[in-house]
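Chain residues, written in single-letter form:
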Amino acid sequence: MSVYFYTSSAKALLADFRKRIHQQEEKGKITTWIEDSDGDFTHKSEAWGGKAWFRPVVSVDRLAFNIIKRKDVNISVPVYGYYHGHLIETFLNHFDDQFTAGSATAKATADDNIR
């Protein structure tokens, strides 16, 4: 399962996402996602954190986030739904002027991974 944000400036959109996660000031800070040392993102909540990760992929016309699951855990449909829905919500709340459309696939794609 993947999430796509269609934009002509995918690299800048990813940089802004990272910046908002790591910024010190509270105004505009993204507090629900964290970035790990591999550059992947997981949800920060106690209930959902670390159940899956998103790996960003920059393309000419879009910023994609491919799901990565742990080897030892099967990801349930609610986990997929939670992660995909909350990532889209985050981008709508913070970056709605930087992309024209966002979408999520309903099934796994060839780009999804195991960690």
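Criteria and thresholds
- Residues numbered from 1 in each chain as written.
- Predicted model: local features only at pLDDT ≥ 70, side-chain atom pairs only at ≥ 80, totals over all residues.
- Heavy atoms only, no water.
- pLDDT = per-residue confidence, 0-100.
- Helix = DSSP H or I, 4+ residues; strand = E, 2+ residues; numbered from the N terminus.
- Buried < 20%, exposed > 50% of the residue type's maximum accessible area, 1.4 Å probe, protein only.
- Core = buried A, V, L, I, M, F, W, Y, C linked by side-chain atoms within 4.5 Å.
- Contact = heavy atoms within 4.5 Å.
- Phe/Tyr/Trp six-rings, centres within 6.5 Å; stacked < 30°, edge-to-face > 60°.
- Polar contact = N/O pair within 3.5 Å; in protein donor to acceptor, adjacent residues only side chain to side chain.
- Axes fitted to C-alpha atoms, helices over the stretch in contact; angles between N-to-C directions.
- Parallel < 35°, antiparallel > 145°, perpendicular 65-115°, else oblique.
- Nonpolar A, V, L, I, M, F, W, Y, C, P; charged D, E, K, R; others polar.

### What about the confidence of the model for the protein?
On average, residues of the protein score 89 in pLDDT, and 90% of them are at 70 or above. Here strand 7 (residues 113-114) stands out as the least confident element of the protein, with mean pLDDT 52; helix 1 (residues 10-22) is the most confident, with 97.

### Here we look at the environment of N93
Looking at the secondary structure, you find N93 in helix 2 (residues 77-95). Residue classification places N93 among the exposed residues on the basis of a relative accessible area of 57%. In this structure, the C-alpha to C-alpha distance between N93 and I30, residues 63 residues apart in sequence, is 9.8 Å.

### Thoughts on the nonpolar core
Core analysis: the biggest nonpolar cluster contains 24 residues, and F17, W33, F65, L87 and F91 have the highest contact counts within it. Secondary structure elements with two or more residues in this core: strand 1 (2-6), helix 1, strand 5 (62-69) and helix 2. A total of seven residues in this core trace back to one element, the largest contributor, which is helix 2. Contact partners of F17, with chain neighbours within four places excluded, come to I30, W33, F41, F65, L87, T90, F91 and F95.

### Describing the packing of aromatic side chains
Per the stated rule, a full pass over the model turns up 18 aromatic pairs. Taken together, a centroid distance of 6.2 Å and an interplanar angle of 80° make the contact between F5 and F65 edge-to-face. Taken together, the residues span a long stretch of sequence, with F5 in strand 1 and F65 in strand 5 at a distance of 60 residues. The same class applies to F5 as to F65, namely buried.

### Comments concerning the side chain of Q98
Tracing the backbone through its elements, the reader meets Q98 in the loop between helix 2 and strand 6 (101-104). Within the structure, the side chain of Q98 is placed 2.8 Å from the side chain of D16, a separation counted as a polar contact.

### So, the packing of helix 1 against helix 2
Running from N to C, helix 1 and helix 2 point in directions that differ by 95°, and their axes come no closer than 12 Å. On the basis of the axis angle, helix 1 is roughly perpendicular to helix 2. The segment helix 1 lies against helix 2, with L13, D16, F17 and R20 engaging L87, T90, F91, H94 and F95. Of the residues in the contact of helix 1 with helix 2, the class split is five nonpolar, two polar and two charged.

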